[in-house]
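Here is how the chains run, residue by residue.
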Amino acid sequence: MILLITGSLDGTADLLVSKIGSSNIFRFNYDLFNEYYLEFTPAYWEIRNPTGHTINSNNVSSAFWWKAFNFYIQDQEEFLVEEIKYIYREIYHWCRLKGITKGNPHDFHNQLGKLNILNIASKYFQIPKTLVTFKLAGVDTFVNNQVVAKSLTSGLTTTNKALFTSAINLKQLHPNYPWFLQEQLNSEVDITVFICGEKYFAYYRDRSDLVGLDWRKEQNFDNPLAKEWIRFQLTTLQQQSISNFNKELKVDWGRIDFMGSINDLVFLEFNANGQWVFLDYSDEDGLVTSVSQYLLN
């Protein structure tokens, strides 16, 4: 049985449970922790939900962490929240030690980081000029480039605002702020490749209708069935480059974002736990089916 560690209002988790079948998957919602019965000892664990559905250390076949800590436990003091997070992490890592986890751990990027990943990617792809800086050290290398500022963590400010990819003027950067800067790439399309085991799903999106620079800010959430991304076939060389990159990173799951063209890929970043349903929500390309098979096998 699959242990799906997630949150109660996650649409991707809803889709997976529907596709795989509730008898083959146990959904462990972090934000509803107090609805479960949990027994966890050094030798054995068991979780039971309000309907009587159970999973334990003897019948768990795989574990998949999906956005669990993106949700919030309401009306509980911080100490209790940290205790609960510890339990969820330990259940996941019990499965990891048994070699049955699928996908990547939720803290993957804390272990490696975007600059280190870019260094690895440079062996297999073109990469943009990139700088992380305190006190604007090194920004003079961008004097002949158009530059964008990006977020390292994709976190939110205290007012729940996000920093999307934004064109900036180097002269207006505040020296007391940590900056993640890249040269601005001129591209007619955004390209993303979803990695699911040994299968690669490559898509491109036309940028001509974008008002800004970041497609994430302009996604069509009103109609999830709208096909904004078009699938294309990777060349043999591109597939080999992606495969070599994955092997060095020791991953078989995630999403790689590129720019350039479908014939000339420029690596932007690897998202270890990026969204994927938006690429093929209706499963026309078999993406959802492939994810289900990946979790079951």
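Whatever comes next refers back to the structure up there.
Residues numbered from 1 in each chain as written. Predicted model: local features only at pLDDT ≥ 70, side-chain atom pairs only at ≥ 80, totals over all residues. Heavy atoms only, no water.

A. Region of interest: the side chain of Thr-12. Summarising the element assignment, Thr-12 is placed in helix H1 (residues 11-20). We classify Thr-12 as buried; its relative accessible area is 8%. In contact with Thr-12, not counting residues within four places along its chain, are Trp-66, Gln-275, Trp-276 and Val-277. (Helix = DSSP H or I, 4+ residues; strand = E, 2+ residues; numbered from the N terminus. Buried < 20%, exposed > 50% of the residue type's maximum accessible area, 1.4 Å probe, protein only. Contact = heavy atoms within 4.5 Å.)

B. Just the sheet that holds strand E15 (residues 253-261), in detail. Here five strands make up an open sheet; going across it, the order is E14-E13-E12-E15-E16 and the pairing antiparallel. Edge strands, defined here as strands with exactly one partner in the open sheet, are strand E14 (230-232) and strand E16 (264-271). On average, each strand axis in the sheet is tilted by 30° relative to the strand beside it, whichever way the strands run. (Pairing = 2+ DSSP bridges. Axes fitted to C-alpha atoms, helices over the stretch in contact; angles between N-to-C directions.)

C. Focus on helix H2 (residues 78-97). For H2, which comprises 20 residues, the first-to-last C-alpha distance of 28 Å matches the rise-based estimate of 28 Å (1.5 Å per residue) to within 8%. Residues of H2 that are buried make contact with strand E1 (2-6), strand E2 (25-29), strand E3 (37-40), strand E4 (45-48), strand E6 (62-65) and strand E7 (101-102). Of the residues one or two after H2, Gly-99 is the one with positive phi, at around 75°. (Expected span 1.5 Å × (residues − 1).)

D. Molecular detail of a nonpolar patch on the surface. On the surface, a cluster of nonpolar side chains totalling about 210 Å² of accessible area is made up of Leu-38, Phe-40 and Ile-87. With respect to the helices and strands, Phe-40 occurs in strand E3. (Patch = residues over 30% accessible without salt bridge, like charges linked within 9 Å, V, L, I, M, F, W, Y side chains within 5 Å. Areas by Shrake-Rupley, 256 points an atom, 1.4 Å probe, with all protein chains shown as cover. Salt bridge = Lys/Arg side-chain N within 4 Å of Asp/Glu carboxyl O.)

E. Inspection of the packing of aromatic side chains at higher detail. This model, assessed by the stated rule, comprises 26 aromatic pairs. In this arrangement the basic side chain of Lys-129 is found over the ring face of Phe-142, its NZ or CZ atom lying 5.8 Å from the centre. (Phe/Tyr/Trp six-rings, centres within 6.5 Å; stacked < 30°, edge-to-face > 60°. Lys NZ or Arg CZ within 6 Å of the ring centre and 35° of its normal.)

F. The arrangement of the pairing of E16 in detail. With six of eight residues buried, E16 lies mostly within the body of the structure. By the bridge criterion, seven bridges tie E15 to E16 in an arrangement that is antiparallel. Each residue of the ladder has a partner; that of Arg-255, found in E16, is Asn-271. Connecting E15 to the antiparallel partner E16 that follows it, the hairpin turn spans two residues.

G. Region of interest: the nonpolar core. Grouped together as the largest cluster of nonpolar side chains are 24 residues, with contacts concentrated most on Leu-234, Phe-245, Leu-249, Ile-256, Phe-258, Phe-267 and Phe-270. Elements that contribute at least two residues to this core include exactly helix H4 (114-121), strand E12 (189-196), strand E13 (199-206), helix H5 (236-249), E15 and E16. Setting aside chain neighbours within four positions, we find Phe-258 in contact with Phe-125, Asp-190, Ile-191, Val-193, Leu-265, Val-266, Phe-267 and Leu-268. Counting 23 residues, the second-largest nonpolar core is a separate cluster that includes Ile-55, Val-60, Ala-63 and Tyr-88. (Core = buried A, V, L, I, M, F, W, Y, C linked by side-chain atoms within 4.5 Å.)

H. Fine view of the environment of Leu-4. Inspection of the secondary structure assignment puts Leu-4 in strand E1. C-alpha separation for the pair Leu-4 and Thr-192, spaced 188 residues apart in sequence, amounts to 25 Å. Not counting the four nearest positions on each side in its chain, Leu-4 is found in contact with Ala-13, Val-17, Ile-25, Phe-26, Arg-27, Phe-28, Phe-64 and Trp-66.

I. Spatial organisation of unusual backbone geometry. The phi dihedral of Asp-75 is positive, around 60°, even though this residue is not glycine. Along the chain, Asp-75 falls in the loop between E6 and H2. By relative accessible area, Asp-75 is classed as exposed at 79%.

J. How the structure looks around the packing of H1 against helix H6 (residues 287-296). Running from N to C, H1 and H6 cross one another at 75°; their axes reach a closest spacing of 10 Å. When the interaxial angle is binned, H1 and H6 end up roughly perpendicular. Within the contact between the two elements, H1 uses Leu-15, Leu-16, Lys-19 and Ile-20 and H6 uses Val-288, Thr-289, Val-291, Ser-292, Leu-295 and Leu-296. Looking at side-chain class alone, the contact of H1 with H6 contains seven nonpolar, two polar and one charged residues. (Parallel < 35°, antiparallel > 145°, perpendicular 65-115°, else oblique. Nonpolar A, V, L, I, M, F, W, Y, C, P; charged D, E, K, R; others polar.)

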